[in-house]
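Observations on the model geometry
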Amino acid sequence: MKTSVKSSVKTYEMLINGKFVKARNGGVRDILDPASGELLAVVPEAGRADVKLAVEAARKAFDEGPWRKTTAQDRGKLLFKIGDLIRANAKALAELEVRNMGKPLAEAEYDVADAANCFEFYGGLATKIHGETMSVPANSMSFVVREPIGVCGQIIPWNYPLLMSAWKIAPALASGCTVVLKPSELTPLTALFLARLMHEAGAPAGVVNVVSGPGAGAGEELAESPLVDKLAFTGGTATGRKIALAAVGNLKKLTLELGGKNPNIVFADADFDSAVDGALFAAFANQGEVCSAGSRLLVEKSIKKRFVAAMLAKIPRIKLGHGLGAGVKMGPLVSAAHRDKVEAMIKAGVHEGAKLVCGGGRPKGAEFAKGFFLEPTIFDEVKPTMRIAREEIFGPVLSVLEFKDEAEAIRLANDTEYGLAAGVWTLNVNKGIRVLKELRAGITWLNTYHPTFNEMPWGGYKQSGNGRELGLYGIQAYLETKQININLDEAPLGWY
Ligand code: NAD
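Now for a quick tour of the structure. Bear in mind the structure is a predicted one, so any value in this text is a computation, not a measurement.

We now examine the overall build of the protein chain. Across its full length, the protein chain carries 15 helices and 21 strands. Its C-alpha radius of gyration of 24 Å places the protein chain within 12% of the 23 Å reference for a compact globule of 496 residues. Taking the principal axes of the C-alpha coordinates as reference, the protein chain spans close to 80 × 55 × 40 Å. Within the protein chain, buried positions represent 56% of all 496 residues. Taking the contacts inside the protein chain whose residues are at least 6 apart along the sequence as the reference set, 74% of them involve residues at least 24 apart. Entry remark: accessible area of the protein chain is about 20,900 Å², with carbon and sulfur atoms responsible for 56%. Taken together, the 59 basic and 54 acidic charged side chains of the protein chain have centroids lying 2 Å from each other.

Laid out in structure tokens, this is it:
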């Protein structure tokens, strides 16, 4: 591996009204490399005043600026240009994502390519926003036109900083909205890098603003602001509830992408080796810090013992280390505080009587000493009532439960307040589709886990969210619907 894991400390600025600026009160935040605990960068710590300025700029750019009235082609061209610039800077973006968030380089490279694809997908879609025409009754015509919602506040979590930025910004710009994006205070670097690229691509002043700051203050201001028409939030379910309450003041349009405790169901008639690989990838990709992680593995009783043994045999292949290190498959958790939370859940699992069959602790060795590493952890004999079966852990912790038949698998899978994602493994196609139809989840897989596409809708049932992002659905979330009625008759109405 040629890339050095050492990096120099860089100071970033945020994008407000077409200018790169510091926080008004001079506040800054240190950003750490979670693999080494070393200082990586210093970013502005936006407060309410900075967010207000960004929102006012977005408001002005929407109400007075040219953006809403640009042609769809011009909006599309800007998005394609941003996509091109992401590709041209792919290496730097991927490495920065690894250093800030901790994920392995191969995963970051995938995220960067997907972020570029997302801008290109919505660049193409910008010219395909259509309304409807109706002629009812004979002396009138009725049109439906789609118009941008307006100023969009967008708040994202720390686990996919660049990709989540793309998922949020691309459809909003394609539809003619203006944007204030707030990345997580833990991982703002690639979003701030993206701000530079969007500026370079020619995004007009105020059309897209990126503010780095915490949820308290900066995030709250965005959620509460009466000048914001729509709020798109991705993050934890508890935060989502607060956001919904904050947004109620001016009845903002709201999309919420929240947490999950996703079932991954393995039937005895699955392709055994594929299902073992799939179960591990579902649980441990991105250190398990994935909203759609298959963190609840439901295995048919007749194969469970053999299945757990097969997973354990493969665990040593999950090489821990700095995400830029050769062959590394799992990086550190995002922060010391987050690792503490995950460790508390591991303790809860042990305390409640689940059987810890691997991991559970911090890896030994000098290379792990200063980072926030945690071993891949599997609990067997988990009962559906245990906290580790019910609560989102958001780390490399897999809970294994057993079921005896199809009906019990479906019941256990749906026995959760969440409904984001679910997987099913069986070579019986009828059974696979039958079970998928019964699962109360927005994103489902048969004989695979995790692949999703910019072209397809993303979002959850139940308390995993509200609305959908991506695909054609994603652009609908940034459009208003207006009916225009035209009288074709010159004669007065004659009602009175
Ligand atoms: P979080 O809810 O703590 O924070 C998310 C964002 O909200 C951050 O930018 C944070 O600064 C901001 N925030 C926090 N409190 C706020 C408030 N009161 N008002 C306004 N903004 C506020 O989540 P996290 O720890 O960053 O991310 C992990 C969570 O995100 C997990 O629950 C995960 O499942 C979820 N997630 C969901 C999806 C999805 O698509 N459904 C995708 C990724 C992550």
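A few words now on the pattern of salt bridges. Pairs can form between side chains of opposite charge once their charged atoms are near each other. Tallying each qualifying case throughout the model produces 28 salt bridges. Close ionic contact of K253 with E480 constitutes a salt bridge, the shortest N to O distance being 3.5 Å. With K253 in strand 12 (residues 253-257) and E480 in strand 21 (residues 479-487), this pair connects stretches of sequence that are 227 residues apart. For K431, the salt bridge identified is with D269, shortest N-O distance 3.1 Å. Within this pair, whereas K431 is found in helix 14 (residues 429-438), its partner D269 is found in the loop between strand 13 (263-266) and helix 9 (272-284), the two being separated by 162 residues in sequence. K431 sits in the buried class, given a relative accessible area of 11%.

Around the ligand, the structure places 28 residues, and the nearest of them are E185, T239, L258, E392 and W458. Here G235 contributes a backbone N or O atom positioned 3.4 Å from an oxygen atom of the ligand. Interatomic distance of 2.6 Å between a side-chain N/O atom of T239 and an oxygen atom of the ligand. Compared with its free state, where it exposes 840 Å², the ligand has 88% of that area covered by protein. More than half of the atoms belonging to the ligand lie within 2 Å of the grid points that define the largest pocket. When contributions to the shell around the ligand are tallied by element, the ones reaching two or more residues are helix 7 (215-224), strand 11 (230-234) and helix 8 (237-246). Among the residues making up the shell around the ligand, the classes are represented as 13 nonpolar, nine polar and six charged.

Backbone geometry places N17, a non-glycine residue, at a positive phi of 55 degrees. Position of N17 relative to the elements: it lies in the loop between strand 2 (14-16) and strand 3 (19-21). You can call N17 partly exposed: its relative accessible area is 38%.

With that out of the way, let us pick up the packing of helix 2 (residues 72-88) against helix 6 (residues 189-201). Direction vectors running N to C along helix 2 and helix 6 enclose 130 degrees, while the axes themselves pass 9 Å from each other. As far as their axial angle goes, helix 6 and helix 2 are oblique. As helix 2 runs across helix 6, the sense of the crossing is right-handed. Across the interface between the two elements, L78, K81, I82, L85 and I86 from helix 2 touch L194, L197, M198, E200 and A201 from helix 6. A breakdown of the residues in the contact of helix 2 with helix 6 according to their chemical character gives eight nonpolar, no polar and two charged.

The next point concerns the environment of E185. Mapped onto the elements, E185 comes out in the loop between strand 9 (178-182) and helix 6. Taking the C-alpha atoms as reference points, E185 and W158, 27 residues apart in sequence, are found 7.8 Å from one another. Not counting residues up to four positions away in its chain, the partners in contact with E185 are R29, I31, G213, P214 and G215.

A few words now on the nonpolar core. Within the largest apolar cluster, 130 residues are counted, with the highest numbers of intra-cluster contacts made by F119, Y122, F307 and M311. Those residues within four positions of F307 in sequence are excluded, and the remaining contacts are V266, F272, A275, V276, A279, L297 and V299.

Attention shifts here to empty space enclosed by the protein. Taken as a whole and judged by the stated rule, the model has two cavities of 30 Å³ or more. Its volume calculated, the largest cavity comes out at about 80 Å³. Residue lining of the largest cavity: 14 residues in total, with G288, V290, A293, S295 and F394 positioned closest to the centre. Taken as a whole, the second largest cavity encloses approximately 40 Å³ of empty space. Looking at the second largest cavity, the residues that line it are P263, A413, N414, T416, Y418, G419, A421, A422, L439, R440 and A441. Elements with a contribution of two residues or more to the lining of the second largest cavity: helix 13 (406-414) and strand 18 (421-425).

Time to look at the sheet that holds strand 16 (residues 377-380). To summarise the sheet geometry, strands pair through backbone hydrogen bonds and adopt either a parallel or an antiparallel arrangement. Spatial ordering of the open sheet is given by 15-16-17-14-13-18-19, a layout of seven strands whose pairing is mixed. Edge positions in the sheet fall to strand 15 (355-358) and strand 19 (443-446), since each has one partner strand and no second. Neighbour-to-neighbour, the strand axes of this sheet turn through a mean angle of 20 degrees, independent of strand direction. Here five bridges tie strand 14 (residues 296-300) to strand 17 (residues 397-403), and the two strands are oriented parallel to one another. Of the residues in strand 17, the one forming a bridge with R296 is S399. Across the sheet, helix 10 (residues 301-314) is in contact with strand 13, strand 14, strand 15, strand 16 and strand 17; its angle to strand 14 comes to roughly 130 degrees. Against the sheet, helix 14 touches strand 13, strand 18 and strand 19, its axis set at about 170 degrees to strand 19.

Definitions and limits used
- Residues numbered from 1 in each chain as written.
- Predicted model: local features only at pLDDT ≥ 70, side-chain atom pairs only at ≥ 80, totals over all residues.
- Heavy atoms only, no water.
- Helix = DSSP H or I, 4+ residues; strand = E, 2+ residues; numbered from the N terminus.
- Rg over C-alpha atoms; globule rule 2.2 N^0.38 Å.
- Buried < 20%, exposed > 50% of the residue type's maximum accessible area, 1.4 Å probe, protein only.
- Contact = heavy atoms within 4.5 Å.
- Areas by Shrake-Rupley, 256 points an atom, 1.4 Å probe, with all protein chains shown as cover.
- Lys, Arg positive; Asp, Glu negative; His and termini not counted.
- Charge placed at Lys NZ, Arg CZ, Asp CG, Glu CD.
- Salt bridge = Lys/Arg side-chain N within 4 Å of Asp/Glu carboxyl O.
- Near = heavy atom within 4 Å.
- Polar contact = N/O pair within 3.5 Å; in protein donor to acceptor, adjacent residues only side chain to side chain.
- 1 Å grid on protein atoms, 1.4 Å probe; cavity = no way out; pocket = protein on both sides within 12 Å on 5 of 7 lines; lining within 4 Å.
- Sits in = over half its atoms within 2 Å of the grid points.
- Nonpolar A, V, L, I, M, F, W, Y, C, P; charged D, E, K, R; others polar.
- Axes fitted to C-alpha atoms, helices over the stretch in contact; angles between N-to-C directions.
- Parallel < 35°, antiparallel > 145°, perpendicular 65-115°, else oblique.
- Left-handed = near helix turned anticlockwise from the far one by under 90°.
- Core = buried A, V, L, I, M, F, W, Y, C linked by side-chain atoms within 4.5 Å.
- Points joined across faces, edges and corners; volume = space filled by probe spheres on them.
- Pairing = 2+ DSSP bridges.

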